Amino acid sequence: MNQTQDFKLIAIEGNIGVGKSTLLPKLADRLSNLDDRPWRLIIEEVDTDPEFQRLLKAFTNDPSQRINFQRYITNKRAETCQDLDPGFNYIIERSLFSDLVFCQANLAEACRPDGKDLDYYYDIQDKLEDYPQVSAVVYLKSDPIVSYERMLSRGRDAEVGTPQSYIQLISDCHNTFLPHICDKYNTHLLTVDWTHFGCPDGLAEQVIDVCQVLNAG
Ligand SMILES: Nc1ncnc2c1ncn2[C@@H]1O[C@H](COP(=O)(O)OP(=O)(O)OP(=O)(O)O)[C@@H](O)[C@H]1O
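The rules behind the values
Residues numbered from 1 in each chain as written. Predicted model: local features only at pLDDT ≥ 70, side-chain atom pairs only at ≥ 80, totals over all residues. Heavy atoms only, no water. Near = heavy atom within 4 Å. Polar contact = N/O pair within 3.5 Å; in protein donor to acceptor, adjacent residues only side chain to side chain. Areas by Shrake-Rupley, 256 points an atom, 1.4 Å probe, with all protein chains shown as cover. 1 Å grid on protein atoms, 1.4 Å probe; cavity = no way out; pocket = protein on both sides within 12 Å on 5 of 7 lines; lining within 4 Å. Sits in = over half its atoms within 2 Å of the grid points. Helix = DSSP H or I, 4+ residues; strand = E, 2+ residues; numbered from the N terminus. Buried < 20%, exposed > 50% of the residue type's maximum accessible area, 1.4 Å probe, protein only. Pairing = 2+ DSSP bridges.

Per an unreviewed UniProt entry, the recorded name for the chain is Deoxyadenosine/deoxycytidine kinase, and the organism is Ferrimonas sediminum.

Written out as C-alpha cells, the structure reads:
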C-alpha cells in the first residue's frame, strides 16, 4: 500500500444488503460540502454488469462457485483503484479488505480448504501491495437478520436463495476480522450501527473528524 499518498480513500464496508450503496452518494455529497477537496464515489457496478450478475447467480446457487465471483470482483476492485487522481478524495463501496473478510468466510465454511482457497487469499494480499492506502474503513454494522431482510426486500434475482446462515457468517467474519485487517494495514476503523440506518450528515462529520486526526498524525 502507498503510505505517502496525498488523498484520502474511505472504504464503506458491511454485510450484504446493509445499505452501503444507498448511503454512498449521500455521503459523498455531504463530504464534498464539508471539505475543500471534492470527494468522488467509486461504486460496485452490480446491476449494470452482466458478467457480475452471471457470476453472482452462480455464487448464490452453488457455494463451490463462490470463488469465481470473488476473484472477478477482486480484480475489478484492484483495477478501479489504479492511478487515482490525487486532486480528489475517494469514497469506495467495499475495498479489497472485503475480499479478505469473504475469503475468511470461505475458509470457515470449507470442510477442507484447498489450494484454490489459499491461492485466492494470497492473491488478495499481493494486490493489496499495489493498492492505495485505505485511510479509514466505515463499517456499517447491523443485526444480520436485518441485513438478510433488507437483501430480500431489495429483491435482486441473482441473490434469491442466499441462506440466512450465510449472512450470519459474513456478519461474524466482519466483526472478527475487520479490526485485525485494519490494524495490519494501518487503517482507522470507524464502526457505526446501521441496524436502523443512520444519518449521512452526522456520519460525514465523523469521517471529516477522522481525516483531520489522520492529517495531524
Ligand atoms: N437509509 C435507508 N432508508 C431506507 N431504506 C434503505 C436505506 N438504506 C438502504 N435501504 C434499503 O435497504 C436495502 C439494501 O440497501 P443497499 O442496496 O444500499 O445495500 P448494500 O449494502 O449496498 O447491499 P450489497 O452489498 O448487497 O450491494 C435496499 O432495499 C434499500 O432500498
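Still more to cover.
**Student:** Which residues make up the site of the ligand, and what values do they have?
**Tutor:** Around the ligand sit 15 residues, and of these Gly 19, Lys 20, Ser 21, Thr 22 and Arg 154 come closest. A distance of 2.6 Å is found between an oxygen atom of the ligand and a side-chain nitrogen or oxygen belonging to Lys 20. Notes on the ligand: free accessible area 630 Å², of which the protein chains cover 75%. Applying the majority rule of atoms within 2 Å of the grid points places the ligand in the largest pocket. Only helix 1 (20-34) and helix 6 (144-154) provide two or more residues apiece to the shell around the ligand. Broken down by element, the shell around the ligand gets its largest block of residues, 3 residues, from helix 1.

**Student:** Break down the pairing of strand 1 (residues 9-14) for me, with residues and values.
**Tutor:** Note on strand geometry: in a regular strand, side chains alternate between the two faces of the sheet. Taken across its 6 residues, strand 1 has 6 buried, putting it largely inside the fold. Side chains Leu 9, Ala 11 and Glu 13 of strand 1 all project onto a buried face; the interleaved residues Ile 10, Ile 12 and Gly 14 project onto the opposite face, where all are buried too. Taken together, the 4 bridges between strand 1 and strand 3 (residues 89-93) define a ladder with parallel strand orientation. Bridging across to strand 3, Ala 11 finds its partner in Ile 92. Where strand 1 meets strand 4 (residues 136-141), 5 bridges bridge the pair, whose relative direction is parallel. The residue of strand 4 that forms the bridge with Ile 10 is Ala 136.

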